[in-house]
Amino acid sequence: MPRFEVRQLSRLNLASHGGLALLGQCFEAALLKPLIDARIPVSQGMKTSDLVKSTMALLALGKSDFEAIEPFRNDRFFRRALGLAKVPSSAWLRQRLLDKVDAHGK
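Within each chain, residues carry numbers counting from 1 in the order of the written sequence. Totals for whole chains, interfaces and linings use all residues, but because this is a predicted model, local features are given only for residues with pLDDT of at least 70 and pairs of side-chain atoms are given and counted only at 80 or more. To get the side-chain values, all heavy atoms of the structure are used, and hydrogens and water are removed first.

## Comments concerning the packing of aromatic side chains
The geometry of an aromatic ring pair is captured by the separation of the ring centres together with the interplanar angle, meaning the angle of the planes.
Here's step 1: Pairing of aromatic rings covers Phe, Tyr and the six-membered ring of Trp, with a centre-to-centre limit of 6.5 Å; geometry is then stacked below 30 degrees between planes, edge-to-face above 60, and tilted otherwise. Overall, the coordinates contain one aromatic pair when judged by the stated rule.
Here's step 2: When the centroid spacing of 4.6 Å and the interplanar angle of 25 degrees are considered together, the rings of Phe-72 and Phe-78 count as stacked.

## Let's talk about the pattern of salt bridges
Here's step 1: One speaks of a salt bridge when a side-chain nitrogen belonging to Lys or Arg is within 4 Å of a carboxyl oxygen belonging to Asp or Glu. Counted by the stated rule, this structure contains two salt bridges.
Here's step 2: Residue Glu-67 pairs with Arg-94 through a salt bridge whose shortest N-O separation is 2.8 Å. Of this pair, Glu-67 sits in the loop between helix H3 (48-60) and helix H4 (76-82) while Arg-94 sits in helix H5 (residues 90-105), placing them 27 residues apart in sequence.
Here's step 3: Residue classification places Glu-67 among the partly exposed positions, given a relative accessible area of 43%. In DSSP terms, a helix is any run of H or I states spanning at least four residues, a strand is any run of E spanning at least two, and both are numbered starting from the N terminus. Only protein chains enter the accessibility calculation, which uses a 1.4 Å probe; a residue whose area is less than 20% of its type maximum is buried, one above 50% is exposed, and one in between is partly exposed.

## Overview of unusual backbone geometry
Here's step 1: One non-glycine residue, Leu-31, lies in positive phi territory at about 55 degrees.
Here's step 2: Here Leu-31 shows up in the loop between helix H1 (20-29) and helix H2 (32-39).

## Considerations on the nonpolar core
Here's step 1: Buried Ala, Val, Leu, Ile, Met, Phe, Trp, Tyr and Cys residues form a nonpolar core when they are joined through side-chain atoms within 4.5 Å. By size, the foremost hydrophobic cluster in this structure holds 19 residues, and its most contacted members are Leu-20, Leu-58, Ile-69, Phe-78 and Leu-82.
Here's step 2: Counting residues per element, the ones that place at least two in this core are H1, H2, H3, H4 and H5.

## Looking at the confidence of the model for the protein chain
Here's step 1: Per residue, pLDDT captures the predictor's confidence, and it can take any value from 0 to 100. Residues with a pLDDT of 70 or more make up 81% of the protein chain, whose mean pLDDT is 85.
Here's step 2: Of all helices and strands in the protein chain, the one with the weakest mean pLDDT is H5 (79), whereas H3 scores best (94).

## Observations concerning the packing of H1 against H3
Here's step 1: To obtain an axis, a line is fitted to C-alpha atoms, over the contacting stretch when the element is a helix, and the angle between two such axes runs from 0 to 180 degrees between their N-to-C directions. At a minimum axis distance of 11 Å, the contact between H1 and H3 shows a crossing angle of 140 degrees. Considered as vectors, H1 and H3 are oriented oblique to each other. The two elements H1 and H3 cross, and the hand of that crossing is right-handed. Contact with H1, carried on its side by Leu-20, Leu-23 and Phe-27, involves Lys-53, Met-56, Ala-57 and Ala-60 of H3 and no other residues of that element. The scheme is simple: roughly parallel for angles under 35 degrees, roughly antiparallel for over 145, roughly perpendicular for 65 to 115, oblique for anything else. The handedness criterion is simple: a crossing whose near helix is rotated anticlockwise from the far helix by less than a right angle is left-handed, and one whose near helix is rotated clockwise is right-handed. Whether two residues are in contact is decided by their heavy atoms: any pair within 4.5 Å suffices.

Right, dumping it as structure tokens:
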């Protein structure tokens, strides 16, 4: 995962989701990816850790609905900051997370 360097530039370049770089570093320090992927298998090419990290990032941004992931699907910073192989679609996110809740909630 890339390390991001914070420095002042002559031109102003603000991003409302810039704090995700720090969140991604927290995920890495907590060994979230190997912890989750070792316990819950990959399904159809999408790592479970990518689903969890994407959902946690949305919550950190104050977005609680599945549709909120759509603007980030083509956002290179979102993917790189969180160390994602893929950014899931809203349908994929909804289906996989609700499936896990149903499987463990019954």
